[in-house]
Amino acid sequence: MRTLKYSINVTLDGCCDHNAMIADEELHRRAAESIAQADALLFGRATYEMMESAWRPRDGVFPDWMDDWMIPFARTIDGAKKYVVSSTLPQVDWNAELLRGDLEQSVRRLKEEPGKSLFVGGVTLPQALAELGLIDEYEFVVHPRIAGHGRTLFAGLTKYVDLKLVDRIEYGSGAVALRYEPKR
C-alpha cells in the first residue's frame, strides 16, 4: 500500500500563498528529491494549472525567468506521473490523468496500488483528504517570514487532526521542514 504524503510551504503566520515564500536553491533541490521519490503527484485543478504554467517546458525549453538551479526541479515535476482531481477540466495532459467521481474511493484505490508513495500539494484538495483521514504524512516547510495576508491552511476544517513530529530539517535560509504523521 502506498502512503499519501502532503507537503506545503507556509509562512510563520500560516500563509500558503506561493508568492509569499522565500524560494532558494536548497529548498528547490530538497523538493525535487521528495517528488522524485513519489510514484505520482496528486493535484486539484488549481494546483495542477499553476504548476503546469510555471514548470512545464514549452517545446522542450524552460522559460527565461527560470534560474539554472531551478531546472532540476522543473525536470523532476515535468517527468512525474500526475493525477488531477477535477470535475471541471475536460481533459489533462502533461503526463496526467483525471480523477473523477468519489474522492475517497479514487484516492483509496490509488493508495492500494503497488509502489512507495503519492505526493499531494495544494490547499483545497489536501483539506478534503485530511477530512477523510487519507493523509499519512504532513510536511510543513515553515519560512521565516510573516506575510500578514493570504490564504491559510485548513481554514474550515471540521475536526482536529492530531499529529506527532517524526522529523525536522533546518535550511540555510532559516526555513524549517517539520514532518508529522497522524496519531492513530
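In this report, we go over the structure that sits alongside the text. (Residues numbered from 1 in each chain as written. Predicted model: local features only at pLDDT ≥ 70, side-chain atom pairs only at ≥ 80, totals over all residues. Heavy atoms only, no water.)

### Quick notes on the pairing of strand 5 (residues 117–120)
Here strand 5 shows a buried face lined by Ser117 and Phe119 and a second buried face lined by Leu118 and Val120. Direction of pairing for strand 1 (residues 3–11) relative to strand 5: parallel, over a ladder of four bridges. Paired with threonine 3 across the two strands is serine 117, which belongs to strand 5. Inspection of the sheet shows strand 2 (residues 40–44) paired to strand 5 by three bridges, in the parallel sense. Following the sheet pairing, alanine 40 is matched in strand 5 by leucine 118. (Buried < 20%, exposed > 50% of the residue type's maximum accessible area, 1.4 Å probe, protein only. Helix = DSSP H or I, 4+ residues; strand = E, 2+ residues; numbered from the N terminus. Pairing = 2+ DSSP bridges.)

### Digging into the nonpolar core
In terms of nonpolar packing, the biggest core is built from 27 residues, with Leu4, Tyr6, Ile8, Leu42, Leu129, Phe140 and Leu153 touching the most fellow members. If you list the elements that add at least two residues to this core, you get strand 1, strand 2, helix 4 (103–112), strand 5, helix 5 (124–131), strand 6 (137–143) and strand 8 (176–182). Looking at this core element by element, the count peaks at four residues for strand 1. Each residue touching tyrosine 6, except ones within four places of it in the same chain, is listed here: Val120, Gly121, Gly122, Val123, Pro126, Ile135, Glu137, Tyr138, Glu139, Phe140, Leu153 and Phe154. (Core = buried A, V, L, I, M, F, W, Y, C linked by side-chain atoms within 4.5 Å. Contact = heavy atoms within 4.5 Å.)

### Focus: the pattern of salt bridges
Side-chain pairing between opposite charges can occur once the charged atoms of the two side chains come close. Throughout the structure, instances matching the rule amount to 13 salt bridges. Salt-bridge contacts for glutamate 139 lead to arginine 30; the nearest nitrogen and oxygen are separated by 3.0 Å. Of the two residues, glutamate 139 sits in strand 6 while arginine 30 sits in helix 1 (residues 25–37), which places them 109 residues apart along the sequence. Grouping residues by exposure puts glutamate 139 and arginine 30 together as buried. A salt bridge links arginine 179 to glutamate 137, with the nearest nitrogen and oxygen atoms 3.0 Å apart. Taken together, the residues arginine 179 in strand 8 and glutamate 137 in strand 6 connect sequence positions 42 residues apart. On the accessibility criterion, glutamate 137 (12% relative accessible area) is buried. Salt bridges sharing partners connect three or more residues here, namely Arg2, Asp39 and Glu113. (Salt bridge = Lys/Arg side-chain N within 4 Å of Asp/Glu carboxyl O.)

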